[in-house]
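Spelled out from the first residue to the last, the chains are:
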Amino acid sequence: MATDFSPEWLERILGGVSEEARSDVHRLYQAYTTASQKADRMQRSLDALPEEFDIKDKQSRFLGHITTQKQTEMMLRAQTEILEMVATNQPLQAIFQRISKLNDEQANGVYSSIMLLDRDGKHFTDSVSAFLPEAYTKQFLGVEIGDNIGSCGTACFRKQTVIVEDIYSDPKWAPFRDAVRPFGYRSCWSSPIMRSDGSVAGSFALYSKSARKPTNFEAQLFDVGTWLASIAIESHSAVQAVRIAAETDPLTGLNNRGNFSRQQQAWIKRARQDESRFATIFIDLDGFKLVNDRYGHKVGDDYLKLVGARMREIGVDDYVMARVGGDEFALLRTVEGEIAQLKTEVETFMHRLSQPLDVHGLRLSVSGTAGVAIFPDHGNLADTLLTNADSAMYYAKKRGSGQVKLYNVSIDNEHRSREMRIAALEKAITHGEIDLDFQPQFDLVKGGIDGFEALARWQHPQLGRLSPAYFIDLAEEAGLIVPLGGSVLNRACKRAKSWSDKTGKWVSVAVNVSALQFTDGIILEQVRQALSKSGLPAACLELELTETALADTKSAAATMAELHGMGVRTALDDFGTGYSNLSALAAMPLDRLKIDRSIIQDIPGNPAAASIASAIIAMGQKLEMKVLAEGVETREQLDFLKENDCDAAQGYYLGRPVSFEDALAMLINSELDVVATSSRR
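All of these numbers come straight from a predicted model, not from anything done at the bench. All residue numbers refer to position in the chain's written sequence, counted from 1. Since the coordinates come from a predicted model, pLDDT governs what is reported: local features require at least 70, and pairs of side-chain atoms require 80 or more to be given and counted, while whole-chain, interface and lining totals use all residues. Side-chain numbers here rest on the full set of heavy atoms in the structure, without hydrogens or water.

## Description of the overall build of the protein
The following threshold applies: Numbering goes from the N terminus for both helices and strands, where a helix is a DSSP run of H or I of at least four residues and a strand is a run of E of at least two. The rule is simple: take the accessible area with a 1.4 Å probe, protein chains only, and divide by the maximum for that residue type; under 20% is buried, over 50% is exposed, in between is partly exposed. Contacts: residue pairs with any heavy atoms within 4.5 Å of one another. A 1.4 Å probe and the Shrake-Rupley method give the accessible areas. Residues count as covered only by the protein chains that appear here.
Across its full length, the protein carries 24 helices and 21 strands. Expressed as a percentage of the 681 residues in the protein, the buried residues total 49%. Partitioning the contacts of the protein with sequence separation of at least 6, the portion at a separation of at least 24 is 64%. Accessible surface, the protein: about 31,900 Å² in total, of which carbon and sulfur atoms supply 50%.

Set out below in structure tokens:
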């Protein structure tokens, strides 16, 4: 193979190999250049001698130099070919064969071999040789390396070159002497093939049928073969690492979405040729968002890792598996029998997947909902099959988690309807079609209106005014909850500032904040913008958080501290319904607890509910938080709260949600000043 051996050529073929290997190549390149220049100078000197000078004398004087130069040139050209094979990502076995052939061609009576170790670096698993008999090399496969285990086993174990001059007498070969005799090999010189991280990949060895040391030229061949094999392994490892990174999900080790799509396309091509069928299965984990919100992203990531490991464990022989989204997975499976049989097989897979996981000492349940689309029945393109499987999954999830649903046309219609609703909601958020109602909150100590809670309403152009029940879940599923929360916050602050402008009284407004807004810290910038644009004092804004927003205690406390630094107040909403971490609660700079309506609705008739409510009131006040009761619908409930010194209340008995204008009228008609509620802290 012709080449100019230029520095640019060297850099091109050496991309991705270790610095040590690059240095070796540059050293040999320099040696070749020096030898070539020296030979050229000698040739020019001889050419300059008089014609009558004895030609035989010229040849004898030049013979040693030209032999060295030609040997070096032949080796460099062979090495060039090998390095070109490395640079073009030729199969590793083919490269090893060429390295072996290089050595065997350059030295008569010498035979080379390359032995590779397993992943643990303990046993020989493969052997490559151009001229050694396969019957000979196969004897060493599976042998564990160690001190005095032949030349190669010892070299790998010691991580140093081992020269055995006589196999028949050297104790290192005692276990294998009888196996070697029929083939006539007497000496073996072996060197470990080292990776850049210091681990051993295998060994390079030269055999001779005479008992001796290697000659100087054979020693050079020996060194060349070893570093060429090292370069090939390093390059192959680098290519493999890039390929794995490009095709594998880094968290779970499963295929990523791009690789899954490529495999789908390959399955489609094969299925068309074979006239066969296969299934695309889309799985969404049920309740993963709660795991992430409650325990933090570290637990969430490890949860997904364990789910991926379990998938490989139960489906490695039957499924192609991929992680295609945050908590979304996709599978491919052949369809060999009836569709009902396939559905049963997928249900079995899901049942085995659903066993609880132990994550950092937490016993967490696993549940998934699956949709199935079949080629060619439900589509003949990769994207279509995945979309239809996703639609079937969504259809199943709306009817209860943990199910498996096959795709059909009615599901497609529902999917299109959902996509249209998502598009309409996104437009509504962008164009300001999300309006607010306001429910009054009453001060039970001083009397009068304590402020208002802002409640989102979608003013739909065709369907009219829609409650959050219609669009909040949709916003969370579609990733619109953060912009929706920002839109509500901006409008609430503007409305509260408008009330103050019209009444001359500062009015407090409470706004619900999603866990995603809070845990990602987005709320800080959203609050700054809302207060800046509206001109509302920070003390007039209260943010209502759920327990899931406070799952990462350290991060939540830091965010709340920043909010308090601005002067914004915070409240814990729906208290008493979750798995409240009381120690975390004590560490949080909260201003208010809101008792959930499910507790209030059972008092005073239910003694247990009454005890819980009175305990929450006492606990909150001991922690220097004000306490507000939600869902007050009767006079008896209100009297109970007053008797137990509850600070504030809201509910239909006191006032239903009203429009901005009606809230303004309530403020104007109020005989008492309306002020922002201050913290007890």
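## With respect to the pattern of salt bridges
If the charged atoms of two oppositely charged side chains come close together, the side chains can form a pair. Keep this limit in mind: Counted as salt bridges are all cases of a side-chain nitrogen of Lys or Arg within 4 Å of a carboxyl oxygen of Asp or Glu.
Applying the stated criterion across every chain, the model contains 30 salt bridges. For the salt bridge of R277 with D377, the shortest nitrogen-to-oxygen distance reads 3.3 Å. Taken as a pair, R277 in strand β6 (residues 277–285) and D377 in the loop between β11 (368–375) and α13 (382–398) lie far apart in primary sequence, 100 residues in all. By relative accessible area, R277 is classed as partly exposed at 27%.

## Things to note about the pairing of strand β2 (residues 124–128)
Note the following rule: We treat two strands as partners when DSSP finds at least two bridges between them.
Bridge count between strand β1 (residues 110–117) and β2: four bridges; the pairing is antiparallel. Its bridge partner lying in β2, I114 is registered against V128.

## Description of the environment of A423
Tracing the chain through its elements places A423 in helix α14 (residues 409–430). The spacing of A423 and A478 is 55 residues in sequence and 9.4 Å in space, taken between C-alpha atoms.

## Quick word on α13
Filter applied, for reference: In this scheme, a helix's expected span is set at 1.5 Å multiplied by one less than its residue total.
Under the 1.5 Å per step criterion, the end-to-end length of α13 is 25 Å for 17 residues, consistent within 8% with the ideal 24 Å. Every buried residue of α13 is accounted for by A382, L385, L386, N388, A389, S391, A392, M393, Y394, Y395 and A396. Just past α13, the residue G400 takes up positive phi, approximately 125°.

## With respect to the state of the cysteines
Stated precisely, the cut-off is as follows: Two cysteine sulfurs form a disulfide in these notes if their separation is within 2.5 Å.
Counted under the stated rule, the structure contains zero disulfides. We note that C152 lacks a disulfide partner, and the nearest cysteine sulfur, in C188, lies 4.8 Å from it. Lacking any disulfide linkage, C156 is separated from the closest cysteine sulfur, that of C152, by 6.7 Å.

## Here we look at the packing of α14 against helix α15 (residues 468–477)
The axes of two packed helices give the description: the angle between them and the distance between them. The condition is simple: Angles shown run from 0 to 180 degrees and are taken between the N-to-C directions of axes, each axis being a line fitted to C-alpha atoms and, for helices, limited to the stretch in contact. By definition in this entry, angles of less than 35 degrees are roughly parallel, angles greater than 145 are roughly antiparallel, angles of 65 to 115 are roughly perpendicular, and the rest are oblique. Residues are grouped as follows: Ala, Val, Leu, Ile, Met, Phe, Trp, Tyr, Cys and Pro are nonpolar; Asp, Glu, Lys and Arg are charged; every other residue, Gly included, is polar.
One way to put it is that α14 packs onto α15 with a least axis distance of 10 Å and a crossing angle of 95°. By the angle between their directions, the pair α14 and α15 is classed as roughly perpendicular. Note on element contacts: α15 touches α14 through Y470, F471, L474, A475 and E477, opposite R418, R421, I422 and L425. Looking at the contact of α14 with α15 residue by residue, the classes come out as six nonpolar, no polar and three charged.

## Regarding the sheet that holds strand β5 (residues 200–208)
Read from one edge of the open sheet, five strands run β2-β1-β5-β4-β3, paired in antiparallel fashion. Unpaired on one side and paired on the other, β2 and β3 (162–164) mark the two borders of the sheet. Averaged over all pairs of adjacent strands, the angle between their axes in this sheet comes to 20°, without regard to strand direction. In the sheet, strand β4 (residues 187–194) pairs with β5 via eight bridges, with the strands oriented antiparallel. Among the inter-strand pairings, S191 is bridged to a residue of β5, identified as F204. Most of the contacts of helix α4 (residues 92–106) go to β1, to which it runs at about 155°, and overall it touches β1, β2 and β5. The strands touched by helix α8 (residues 216–247) are β1, β3, β4 and β5; relative to β4, the strand with the most contacts, the crossing angle is about 30°.

## So, the packing of α13 against α14
Packing of α13 against α14 brings their axes to within 9 Å, and their N-to-C directions diverge by 85°. What the angle tells us is that α13 and α14 run roughly perpendicular. Taken together, the residues of α14 that come into contact with α13 (itself represented by T387, N388, S391, A392, Y394 and Y395) are I411, D412, E414, H415, R418 and R421.

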